[in-house]
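Coordinates in review
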Amino acid sequence: MTALFTQHGNEDVRRLVAQYPLAWVLSEAAPITTATMLPMLGQYDEDGRLTGLLGHMSRRRPLYELLSAKPQAHFLFTGPQGYVSPEHSGRRNWGPTWNYAALRIEAEVRFDEALTETAVARLVETCEAGRKEPWRAPELGERYDAMLGAIIGFEARVTTIDATFKLAQDEDDAVLRQLVEAHPDEAMRSWVRALNRDRLR
């Protein structure tokens with residue numbers, strides 16, 4: 001893996017978590033069947049660095065018991081990804097590839113009942129943002145309190161971030177510009193532009 005694919009800024013990490021918030025969450029050395037997909041919200045310091053994650057999960061999940069006993073967790077985020085054909089590069093002698101972005105995060109999880117309603121409210125607000133009439137969780141009425149009792153909020157303090165942004169940084173200028181123009185996935189084109197912003201000015 002070329003070192004170019006590990007170079008990124010705080011804004012790249014923030015954008016990936018915001019646009020692709022669903023992460024696999026795993027407990028260290030636990031059976032793979034306990035891995036759980038959860039939507040997460042990023043927490044950032046004044047410099048924009050990812051320092052934590054906010055979420056909630058069902059109390060009935062085996063992962064809850066595992067992380068309560070041993071709070072070290074892995075969070076795996078997958079961002080934009082897709083096949084890149086020689087057709088997109090404009091060269092028949094160019095080998096096809098797969099572009100993608102991913103975050104592998106290690107963090108210490110802290111469950112807190114006091115965080116439950118906050119975690120739900122913030123996630124709903126984030127996902128409903130921009131709608132003409134944003135929905136709010138209390139609209140569930142009496143069911144809302146019952147649902148809150150079945151889940152628990154948590155914060156995860158980030159200890160390690162391992163990021164891969166394989167988005168055409170190793171291509172020459174001509175191929176890079178062709179990929180930005182020709183790839184059919186607008187999200188992919190946007191991310192290629194972002195990770196090559198200095199070359200595409």
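Placed above this text is the structure.
Below is a summary of the structure that appears in this document. (Residues numbered from 1 in each chain as written. Predicted model: local features only at pLDDT ≥ 70, side-chain atom pairs only at ≥ 80, totals over all residues. Heavy atoms only, no water.)

**A short note on the packing of aromatic side chains**
- As enumerated under the stated definition, the model contains 4 aromatic pairs in all.
- Look at tyrosine 64 and phenylalanine 111: their rings are 4.8 Å apart centre to centre, the planes differ by 90°, and that puts the pair in the edge-to-face class. Of this pair, tyrosine 64 sits in helix H2 (residues 62-69) while phenylalanine 111 is found in strand E6 (residues 97-111), placing the two residues 47 residues apart along the sequence. The exposure classification of tyrosine 64 matches that of phenylalanine 111, with both residues buried.
- The exposure class of phenylalanine 111 is buried, given its relative accessible area of 19%. (Phe/Tyr/Trp six-rings, centres within 6.5 Å; stacked < 30°, edge-to-face > 60°. Helix = DSSP H or I, 4+ residues; strand = E, 2+ residues; numbered from the N terminus. Buried < 20%, exposed > 50% of the residue type's maximum accessible area, 1.4 Å probe, protein only.)

**Topic: the pattern of salt bridges**
- Counted under the stated rule, the structure contains 14 salt bridges.
- Across the pair aspartate 12 and arginine 197 runs a salt bridge whose closest N-O atoms are separated by 2.9 Å. Of this pair, aspartate 12 sits in helix H1 (residues 10-19) while arginine 197 is found in the segment after helix H7 (186-195), placing the two residues 185 residues apart along the sequence.
- Looking at aspartate 12, the relative accessible area reads 3%, which means it is buried.
- Take arginine 197: its relative accessible area is 34%, and that puts it in the partly exposed class.
- Here glutamate 28 and lysine 70 are joined by a salt bridge, their closest N and O atoms 3.5 Å apart. Note that glutamate 28 is positioned in the loop between strand E1 (22-27) and strand E2 (36-39) and lysine 70 in the loop between H2 and strand E5 (72-84), a separation of 42 residues in sequence.
- Within this structure, Glu11, Asp12 and Arg197 form a network of salt bridges that share partners. (Salt bridge = Lys/Arg side-chain N within 4 Å of Asp/Glu carboxyl O.)

**Brief notes about H7**
- Burial analysis of H7 places 7 of its 10 residues in the buried class, which makes it a mostly covered element.
- In the core, the buried residues of H7 are packed alongside H1, E5, E6, strand E7 (151-166) and helix H6 (173-182).
- Where H7 starts, the residue carrying a side-chain oxygen 2.9 Å from the main-chain nitrogen of alanine 187 turns out to be aspartate 185. (Contact = heavy atoms within 4.5 Å. Polar contact = N/O pair within 3.5 Å; in protein donor to acceptor, adjacent residues only side chain to side chain.)

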